[in-house]
Amino acid sequence: MPRSAKARPSRNTKLSRAWASAKRFMTRAMGPFPITPLGLLVTLGCAHALINYGFGQIDLVLLVVGAVGVGIAALGLLATLTGALVLWLRQRNRPAEGSLDVECGYPVATGYWLPRLRWLPFVAISWRWLEPEAQVRIVPQRGRLREEVIASRRGRVGAVVRELEIGDIFGLSQIRLRVAEQRKVRFVPSVGQLQRVDVIRGMAGGDDISHPEGPQEGELYDLRAYTPGDPIRFVLWKVFARTRQLVVRAPERALSPIRQTCAYLVAGGSDEPAAGAARLAVELGALGTDWVLGADGSNDDATRKDQAVDVLARSAEVQEPVGGKGLGAFLQRRGQAASIGRAVVFVPGRPGPWLTSVTEQCKHVGGRGGRIDFVVGTDGITPPPKRKWLARLAIREAAPDIPPGATAPVTTEQVGEVVRTLSSIGNVIVVDRAAGRVFAGGHLTALGAKGNQ
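Just so it is clear, the structure is predicted and the values come from calculations on it, not from any experiment.

About the thresholds
- Residues numbered from 1 in each chain as written.
- Predicted model: local features only at pLDDT ≥ 70, side-chain atom pairs only at ≥ 80, totals over all residues.
- Heavy atoms only, no water.
- Phe/Tyr/Trp six-rings, centres within 6.5 Å; stacked < 30°, edge-to-face > 60°.
- Helix = DSSP H or I, 4+ residues; strand = E, 2+ residues; numbered from the N terminus.
- Axes fitted to C-alpha atoms, helices over the stretch in contact; angles between N-to-C directions.
- Parallel < 35°, antiparallel > 145°, perpendicular 65-115°, else oblique.
- Left-handed = near helix turned anticlockwise from the far one by under 90°.
- Contact = heavy atoms within 4.5 Å.
- Pairing = 2+ DSSP bridges.
- 1 Å grid on protein atoms, 1.4 Å probe; cavity = no way out; pocket = protein on both sides within 12 Å on 5 of 7 lines; lining within 4 Å.
- Points joined across faces, edges and corners; volume = space filled by probe spheres on them.
- Nonpolar A, V, L, I, M, F, W, Y, C, P; charged D, E, K, R; others polar.
- Expected span 1.5 Å × (residues − 1).
- Buried < 20%, exposed > 50% of the residue type's maximum accessible area, 1.4 Å probe, protein only.
- Core = buried A, V, L, I, M, F, W, Y, C linked by side-chain atoms within 4.5 Å.
- Polar contact = N/O pair within 3.5 Å; in protein donor to acceptor, adjacent residues only side chain to side chain.
- Salt bridge = Lys/Arg side-chain N within 4 Å of Asp/Glu carboxyl O.

1. Looking at the packing of aromatic side chains
On inspection of all chains with the given rule, the structure shows 5 aromatic pairs. Pairing Tyr112 with Trp127 gives two aromatic rings, centres 5.7 Å apart and planes at 75°, and the pair type is edge-to-face. Of this pair, Tyr112 sits in strand E2 (residues 108-115) while Trp127 sits in strand E3 (residues 123-131); the two residues are 15 residues apart in sequence, bridging distant segments of the chain. Ring geometry for Tyr264 and Phe330: centres 5.1 Å apart, planes at 40°, overall tilted.

2. Examining the packing of helix H9 (residues 353-361) against helix H11 (residues 412-423)
It is at 10 Å that the axes of H9 and H11 come closest, and there the two elements cross at 10°. Comparing their axes, H11 and H9 come out roughly parallel. The handedness of the crossing between H9 and H11 is right-handed. Where H9 abuts H11, its residues Trp354, Leu355, Val358 and Thr359 lie against Glu417, Val418, Thr421 and Leu422.

3. Observations regarding the sheet that holds E3
One open sheet holds the 4 strands; their spatial order is E1-E7-E6-E3, and the pairing between them is mixed. On the outer flanks of this sheet lie strand E1 (100-103) and E3, each paired with one strand and no other. Within the sheet, the average angular offset between the axes of one strand and its neighbour, ignoring direction, is 45°. For E3 and strand E6 (residues 155-168), the ladder comprises 8 bridges, and the chain directions are antiparallel. Among the inter-strand pairings, Arg128 is bridged to a residue of E6, identified as Glu163. The strands touched by helix H7 (residues 305-314) within the sheet are E6 and strand E7 (174-188), with E7 carrying the most contacts at an inclination of about 130°.

4. Quick notes on the layout of surface pockets
Estimated volume of the second largest pocket: approximately 250 Å³. If you go around the second largest pocket, you meet 16 residues; those closest to its centre are Asp379, Pro403, Ala406, Arg433 and Ala434. Of the residues belonging to the lining of the second largest pocket, the class tally is 8 nonpolar, 6 polar and 2 charged.

5. Points about helix H2 (residues 37-55)
Under the 1.5 Å per step criterion, the end-to-end length of H2 is 26 Å for 19 residues, consistent within 8% with the ideal 27 Å. Those residues of H2 that fall on the buried side of the exposure criterion are Gly39, Cys46, Ala49, Leu50 and Gly54.

6. Points about the sheet that holds E2
In space, the 3 strands of this open sheet follow the order E2-E5-E4, with antiparallel pairing throughout. The outermost strands of the open sheet, each flanked by one partner alone, are E2 and strand E4 (135-141). The average undirected angle you get between the axes of adjacent strands in this sheet is 30°. The pairing of E4 with strand E5 (residues 144-150) spans 7 bridges and is antiparallel. Looking at the pairing, Gln141 lines up with Arg144 of E5.

7. Focus on unusual backbone geometry
A cis amide bond links Glu131 to the next residue, Pro132, at an omega of -10°. Considering the arrangement of structural elements, one finds Pro132 in the loop between E3 and E4. One non-glycine residue, Leu117, adopts positive backbone phi at about 55°. Positive phi outside glycine occurs at Ser270, with the angle close to 60°. Judged by its relative accessible area of 21%, Ser270 is partly exposed.

8. With respect to the packing of helix H6 (residues 272-283) against H7
In the contact formed by H6 and H7, the axes pass within 10 Å of each other and the chain directions differ by 175°. Between H6 and H7, the crossing angle belongs to the class labelled roughly antiparallel. Counted together, Ala275, Ala278, Arg279, Val282 and Glu283 of H6 and Lys305, Ala308, Val309 and Leu312 of H7 form the full contact between these two elements. Grouping the amino acids of the contact of H6 with H7 by side-chain chemistry returns 6 nonpolar, no polar and 3 charged.

9. As for the nonpolar core
Membership of the largest hydrophobic core comes to 28 residues, with the highest contact counts inside it found for Val102, Ile125, Trp127 and Leu164. Those elements giving two or more residues to this core turn out to be helix H3 (60-92), E1, E2, E3, E5, E6 and E7. Examining the composition of this core, we find that 5 residues originate from one element, E7, more than from any other. Setting aside anything within four residues of it in sequence, one finds Ile125 in contact with Leu87, Leu114, Pro115, Arg116, Leu117, Ile138, Leu145 and Glu165. One finds Ala286, Leu287, Leu293 and Leu312 within the second-largest nonpolar core, a separate group that totals 27 residues.

10. Observations concerning H3
Compared with the 48 Å implied by 1.5 Å per residue over 33 residues, the 48 Å span of H3 between its first and last C-alpha is a close match. The secondary structure elements touched by the buried residues of H3 are H2, E2, E3, E6 and E7. Capping the start of H3, Asp59 holds a side-chain oxygen 3.1 Å from the backbone nitrogen of Val61, two or three residues further along.

11. Quick look at empty space enclosed by the protein
Summary: where empty space remains is shown by rolling a probe the size of a single water molecule over the atoms. Taken as a whole, this structure holds 2 cavities of 30 Å³ or more when the rule is applied. Space inside the second largest cavity adds up to approximately 30 Å³. In this structure, the second largest cavity is lined by Ser270, Pro273, Gly349, Gly377, Thr378, Asp379, Thr407, Ala408 and Val410. Looking at the lining of the second largest cavity, its residues break down into 3 nonpolar, 5 polar and 1 charged.

12. Things to note about the pattern of salt bridges
In total, this model carries 19 salt bridges according to the counting rule given. A salt bridge links Glu272 to Arg153; the nearest nitrogen and oxygen atoms lie 3.1 Å apart. Placement of Glu272 in helix H6 and of Arg153 in the loop between E5 and E6 is noted, with a sequence separation of 119 residues between them. In this structure Arg153 comes out as partly exposed when scored by relative accessible area, which is 34%. Between Arg156 and Asp310 there is a salt bridge, with its nearest N and O atoms 3.3 Å apart. Taken as a pair, Arg156 in strand E6 and Asp310 in helix H7 lie far apart in primary sequence, 154 residues in all. A network of salt bridges, in which partner residues are shared, links Asp101, Arg156, Arg186, Asp300, Asp310 and Arg314.

As structure tokens, then:
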């Protein structure tokens, strides 16, 4: 590409980067400094009132105000310095902790704690995680402050960097200490509301063959209760007329095992629901008894549950433009090792660069005698906003409140585009992690129709 055609960062981007760098520098520089800007202002004001008006002009009111203000500031500074020294010495002698697994979206106790220092007056203690990013909840318990974290993104780290804040309750003095703990932490994707038997059956495509002339997922001979998302054509209306209960036909279980099921997670924007669905399918047996799992960012295939969780966590390190490009190598690798009976690909519900990569690499799976199923993961499906441009200029919509561990809901247009594109290659189902529902059959047709509007 010619030098003149290269994309150059805009002036706003340069200013934002410069401001972020300056803010980080000031934060680190002011960390060990024990007096806050408010404390410096209050101390100087009280000292000026005490010396110039209290002692100089014998103003008794300002004399008392100045003396009390300076005294409180000095006492708070002394308590802050003492508390910071005690906590710093404790961190030096802290024993090493073992590895930790954290499920995204839920508070998990890490075992880390600090003393409350009740013997020091006016001292407040708090801390946060700098690396990796996670929300910290401090739970007082007896004489200790125990730590709970809520992660929003899966991944793996080998160290945790915390920033301790020790200060007085008036906000006049504060010391920030950075503490690094060498500890292996693995953030696993959350399954949300998908922990239901009907959801597992919806993701399972049938792992056995009941009759040589029947389909691989088994004949529709078994019965189960209707759940939202089941195709309406499988409802037994005669049973409903007699019992007033909706019952649907379901594939029967196998008499002989099918060939190996290969599962793969495609990394991309808003891929946390898909990762949660993949973890659920592995842990609760929706992929059958003989399976292998791969994911973007990993050349090692998992055949055990603990390996699968590690592979899913590692996929969070993949950048969005690279998502889906490892699927072809995975299918080729597994096709040489064993005959692929079923390939299950877990994909995000929002279109992105991964959609083109997956489409190009999945066209040759069916030619080898296998089948491919796509599980589209979402955290809710909402209709697109239908507002005129004048209304959008006049009213600024507030950003949606997204809980930790969740992603923003996708619109019907976005998930409809994904469904239409992947339906030309294989079977598609959509799982809603927030609601615990599975959409298939006519529901997907409706989504595709709404996406075309």
